Structures are given as structure tokens and as C-alpha cells.
Amino acid sequence: MATAPPPPSNPLSFPPATFQKLAPKTFLERHLQSTPATRPSGRGPDTFRIPSLHTNSLSHAHGSAVVRTGDTAVVCGVRGEVLSLAVGTGGRIVVLRSGEDGRRENEEGEGDEIRERALVVTNLEMGTGCTRDYHPGPPTDFAQAVTARLHRLLLANKLIPSKSLRILDPNTEEIKAYWVLYIDVIVISLDGNVLDAAWASILAALRSTKLPQAYWDQDTEGVVCYPEVSRYKPLGIKGLAFTASFAVIDLGAEKGGKVILSDPDEFEEGVCEERVMVCALEGERVGWIEKGGGVGQVAEVVECVHRATERFKVWEQLFAKVLGSSG
Amino acid sequence: MTDRRRINGPPEGTTPLVFPSGSTHKSMIKRSPTTLRRIFLKTSLTPPATGSAFLELPTPSCPSTPTLKLTTSVYGPRPLPSSTTFSPNARLTAELKFSPFSTPGRRRGYIRDGVERDLSAQLSLALGKSVDVGKYPKSAIDVFVSVLDCEGGLGDPNDVKSSGVEVGLMSVLAAAISCAGAAIADAGIECFDLVAGGVAGLIKKRDGEVEGDRIVADMGIGGGNDDSRRGGERDTRITLVLDPSPTEDYIILAAAAVGYMAARDELTLVWTKGSMARNCDGTDEVESLIDGAIAAATGVRLVINEAIKERLLLGLNAVGLVRGTAGGDNGDRTVG
């Protein structure tokens, strides 16, 4: 310090950054008690960060998306590889005629092949120097937990029609192989709420994915793809689903009770113990709710659902703008 | 060996795609042998990091043409863990990782392989000498590079075959050096100089096709006459090309990558591949290759300078020290 700071009137006063480090919870509480309630980032409690989306910027992936919400940025790449049923399937050959698709595409039959044969492989990589706490190497518990949640969400929402993953023998219409979709999410920059950004990037990447047209070649007994880009086909992803995450902090009864923070950043995630995640579907429906870490009223969850449906509209508009009618 | 901490594919394993003929969609940007490809470099795109940079070679008209994209984040100087022994200097470590979707052919796994370890080691060597490590005792400086997309030519078994040496890894390394140099400067770590990476290659055109419009004799940076060497085995169609792209349709006879500190005129890293001979006029092909790589690195250095300067002015602008000097430009710096 070149100049000595003026002698403080109160010996226990700190600059905001020091205060934030020393007493993070009090720091957040003081912010939320101001009128109007403001978070350290300048957002209101119910304000989400504005998302941005780019698709198909990677050359070796079949579909890709970059999603940025505030200082959280993720890249998702989808890559298809072929699972051949001809060898080594250990008697697990399931013969499905494509004529049976109509009957098997009910709720029951749809996700089964994808789940049973592990045709969708979701992974989240945080060891990229995205934040100071994550180092290269095996994924941390947190990364594994987020990966598992993303994978569950993807399977539960049944977005990928299993029909588009089948590779048929052109003559007999028999299923000879499957597409396996490797979905890899790389976190470039992490400032909280990686789940929402990662999920949106997965959905956008899947919607932009175009797989080559593949067929079973009897001569080589293998799957061969047409190289023409014009014959690449989209996956036909059904519907939209968007997650919205919240952190809840209890200020105490006399100070304003519980405050729900939409789209928490890294600092807020570190302070708040109570979390809510809502997956909103089209038509203001709800597909998935997770809540943990605190005791709350039902009204709290209802408020989260309300905010999640609002957030859904923001994502929907962004997807419509970026992906257009192809999505 | 399965990775139990990640979700793995079907236990039967999957195979990459097979096309009846070779990959078809490829296009290249026509440029003269001395022209570098345009570079997009932007710093501070990873705000949680002390310093960061993003480097991209622009995508040509055809979107499926491979290009190079990588991000670097730098953390530090931060204290070494208490378990480590005393170190009077800062310890610089560099980690380079290819994303699973970044390479052609087979999907890349998450576990670091030998290629990545090799590139990481070379990267930390190239950067180590530029940082004033004596200023930061008992500290660690960590550099993380993530390759999001690369051009291929890595020598992988499933990669597109090209006769001659593979320059893909060299391009990746040179770009990683440049990007990491910018990120270290962005982190405000004291340096002697900034390192920039450059690649040059001696190429032989396939079927006598002319790729560029100038040959090495016009360039004035090494080179020289290539004729009548080795009994005509290497003829006049050999050209020194700066920043060769592995996707372009020519045979690369030899290539060199350097890490170069332009202000001090010092090399921090030299890596050559392929066989190089002595010219009849006494100049070495090695020398002309390395001179070419240095010329490429000098061009990249200008881009780094501009990217850092712009960020600095932006910061000064924010605190009100400078008014109206930075703005209107989104950081797209080009050379050529």
C-alpha cells in the first residue's frame, strides 16, 4: 500500500472482500436484508443469469453446444459410435422389427433399449482448471454426483427416441447395431449452478446432433456410413425440459424468514445448505423435483416451481432463436 | 480396465464410424506459404481463474472442416501444499488435456494418455523459462490447457492418413504455448518475456499442384535454393511453409515447432520431426525450418501483445485511468 488508509473509526471494519471471506454467511445475510433485497452479485433473489448459446462449433463432434450463464461456461459435445450386435453380445440379441415400432414406442418400450444397452453415455468433466478447487485427475465426488443426476434426468425425460439409434439391415429390416451417444460436458468456467448450464448444453447439443446415415453391410459384416453430409439425420429429440436450481437461506424469523435464491453462484452455493432443483417441461408441467438440506414448507417448493416455469420460457426462446425450426 | 468414477459405454465396446471411402468434406483457406492463419485470441474468459485465454483458428466456410480451439486457465502463484519440501522458486506445472470430442476417429478417453503427458511436459518446459520463478518462493503456478477441437494429424491409428510427418501435435503444442503465454500475462505473473509458439514445415506438393503463389526464395527468411540436392530427389517443389495445416493436401517432409521469446530473442523449446538435409549452398534445412518457425512465432506474438494490451486498457478504463481508448473491438486480432 502506497498510502496509509485513514484510521478506521470502528477498529472492526473490513473491506467487503475481506468481510466476505471472514463471515460469508453474515455477508450474504446483510445483502439480502437491504431493500430491495440484493445478492452480492447485484441480482435480485429471483433473478436468473442471462444465458447464451452457440451450437455446432466443434468439427469432430456430431453435435455440440456452448452454454454460458454469467461466469459459468460449459461445452457439450455429442459423438456417436457404433455398438454392433453381431459379436460378443452374449446372447443378448433382441430382434425388433421396425414394424413393431408403433407398438413399442409407448412409455414402456421407449427408454428400455437405451437404458438396457447403455446407449447414452453422459459424462461431466470439471478437471479443466474451471475453478481453483478442481484439478485434473479423477472426477471429484461433486462431479460424479452431477454426472449421475444429468444421466438420470436424460433417461427419465425420455428425450431421445430409441428408434433413431437403431441401425438396420436394409434388406431384412432387422436391428443389427445401435448408435451409442457419448455426451461429454466440459466445464470451461465454473461460477455455481453447473447443473442448469450442463443440462441446457446437453439438450442443445442433442438437438443439433446429426448422425450419418448408417446401414448394415452384409459383405463386410459391419456398419458402414454414407459420407455425404446431406444424408446426415437429426436425432428427432422429443420435447424440451429445462432444469432450474435454487439455493435457500434462512435469515431467521425476525429478519425476513427464508429467501430463495435463483441460479446461485459459487459463493451462494457455498453458504446455503438447502437446495431445490426443478425440471420444468413443456406446457408448464413439472418432470422432476429435488429438494434437500433443510426443512421447508410446501409453499417454498411451489414458489420454485413457479420460477422454474418462468425460466423455462427464457430457455425456450433462446433455443428457438439459436436452433430455429431444425431443433 | 473400466473407469468406475465415470459412466462408461456398453460393456461390449463401441467402434468408431466407418465410411466406405475416405473422409470427403474438407476445404482449406488458400494462403501463401508465408501467411499465417488468422488467430482469435481473447483473455479472461474463465473469470474464476487468475488468468485465462482462449485461442481459436477461424473456421473456414465449410463448418465441418477441422479447426483448432483451446482454452487455458492459470492459477497462481498460490502456496504449495505444506507437505511439499521447501522450494526457493515457484513451481510451474502445465497440464494439457484433449477433450473426448476433440480428435478425429475414435473418441478420446478421460484418463491421460502418453501423448497428453508428453505435450504437458513440453509445455511446462517451454513456459518455465519465461516466468520469473525466483519472485515467488514456496508457490505453485498451475497451467491447465483444454483442447476442445483440433485438426487431426495426431498420428492416431484411426486418424486420416497422410504420408510424411504429422504436424497435428506440433500445431496443438504451439497453440497451447501461445495461449498459455497470454494466460500467464493475464494472470499478472511476473515474466521475463512472453512465449509464443510457432510451427513451420518443409512441404512437397502433391502432383505438382501449386498451393501457394510464392516459393521459399522470395521470403528472405532462410530457405535458399532447394534444387539439385541429393541427386534430384528433393526438387524445386519443396517449399517452406509457415504454420502448416495438417488437413491441407500436401506431403510434409519435415516440421519444426518452437517456443520463442521475441523480446529476448531466445528459444525455450525446439521440436523437429522428419529428415532434414544440408543444402548445396551450405545452409541447413534445420536452420531454415527453425527460422521459419521463429517467424511464425513472432507473428503470433503480435497477436498476444494486442490481446493483452486490449485487456489491460479495458481494465484501466474500468477504474477510470484511461478514457475511450479501448472499445469497439472484440479482441479479434489477426496477422497476415
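For the structure given in this document, a descriptive report is provided here. (Residues numbered from 1 in each chain as written. Chains lettered and ligands numbered in written order. Predicted model: local features only at pLDDT ≥ 70, side-chain atom pairs only at ≥ 80, totals over all residues.)

Quick word on the environment of Glu166(B)
All names here are of chain B. Keep this limit in mind: Helix and strand assignments follow DSSP, with helices taken as H or I runs no shorter than four residues and strands as E runs no shorter than two, numbered in order from the N terminus. By definition, residue pairs are in contact when their C-beta atoms, positioned from the backbone, come within 7 Å.
Relative to the helices and strands, Glu 166 is located in the loop between β5 (139–149) and α2 (168–186). Residues Glu 166 and Ala 255 lie 89 residues apart in sequence; the distance between their C-alpha atoms is 8.4 Å. With near-sequence residues (within four places) excluded, Glu 166 lies in contact with Gly 153, Leu 154, Gly 155 and Pro 246.

Points about helix α9 (residues 298–323) of chain A
Residue and element names in this part refer to chain A. Quick reminder of the rule: Given the number of residues in a helix, its expected span is that number minus one, multiplied by 1.5 Å. We call a residue exposed when 12 or fewer other C-beta atoms sit within 10 Å of its C-beta, buried when the count reaches 20 or more, and partly exposed for counts in between; the C-beta positions come from the backbone.
Given a rise of 1.5 Å per residue, 26 residues ought to cover 38 Å, and the 36 Å separating the end C-alpha atoms of α9 matches this to within 8%. When α9 is considered as a whole, its buried residues turn out to be Cys 304, Arg 307, Ala 308, Arg 311, Phe 312, Trp 315 and Phe 319. Those residues of α9 that are buried are in contact with β1 (51–55), α7 (194–208), β11 (241–250), β12 (258–262) and β13 (274–281). With its phi angle positive at about 65°, Gly 324 sits one or two positions after the end of α9.

What about the sheet that holds strand β2 (residues 51–56) of chain B?
Residue and element names in this part refer to chain B. Here is the rule we go by: For two strands to be treated as a pair, DSSP must find at least two bridges joining them. Here the axes come from fitting lines to C-alpha atoms, over the contacting stretch only for helices, and the angles between their N-to-C directions go from 0 to 180 degrees.
Taking strand neighbours across the sheet as the criterion, the five strands line up as β1-β2-β3-β5-β4 in an open arrangement whose pairing is mixed. Looking at which strands have only one partner, the edges of the open sheet turn out to be β1 (40–43) and β4 (91–98). Here the strands of the sheet are splayed against their neighbours by 15° on average, with no regard to which way each runs. Pairing between β4 and β5: eight bridges, direction parallel. Bridging from a neighbouring strand, Leu 92 pairs with Ile 141 of β5.

Comments concerning the packing of helix α6 (residues 141–157) of chain A against α7(A)
Residues and elements named next belong to chain A. What counts is decided by this rule: An angle below 35 degrees is read as roughly parallel, one above 145 as roughly antiparallel, one from 65 to 115 as roughly perpendicular, and any other as oblique. Less than a right angle of anticlockwise turn of the near helix away from the far helix marks a crossing as left-handed, whereas a clockwise turn marks it as right-handed. In this count, Pro and Cys sit with the nonpolar residues alongside Ala, Val, Leu, Ile, Met, Phe, Trp and Tyr, while Asp, Glu, Lys and Arg are called charged and the others, Gly among them, polar.
At their nearest, the axes of α6 and α7 sit 11 Å apart, and the two run at 45° to each other. Taken together, the axis directions place α6 and α7 in an arrangement best described as oblique. Remark: the crossing between α6 and α7 carries right-handed chirality. When α6 is examined against α7, the residues Val 146, Arg 149, Leu 150, Leu 153 and Leu 154 are found in contact with a partner set consisting of Val 194, Leu 195, Ala 198, Trp 199 and Ile 202. The class makeup of the residues in the contact of α6 with α7 is nine nonpolar, no polar and one charged.

Here we look at the interface of chain B and chain A
Every contact between the two is made by 45 residues of chain B and, on the other side, 48 residues of chain A. Elements represented by at least two residues in the side of chain B that touches chain A include exactly β3 (69–79), β4 and β5 of chain B. Here the side of chain B that touches chain A gets four residues from one element, more than from any other, and that element is β5(B). The residue inventory of the side of chain B that touches chain A, partitioned by class, reads 20 nonpolar, 18 polar and seven charged.

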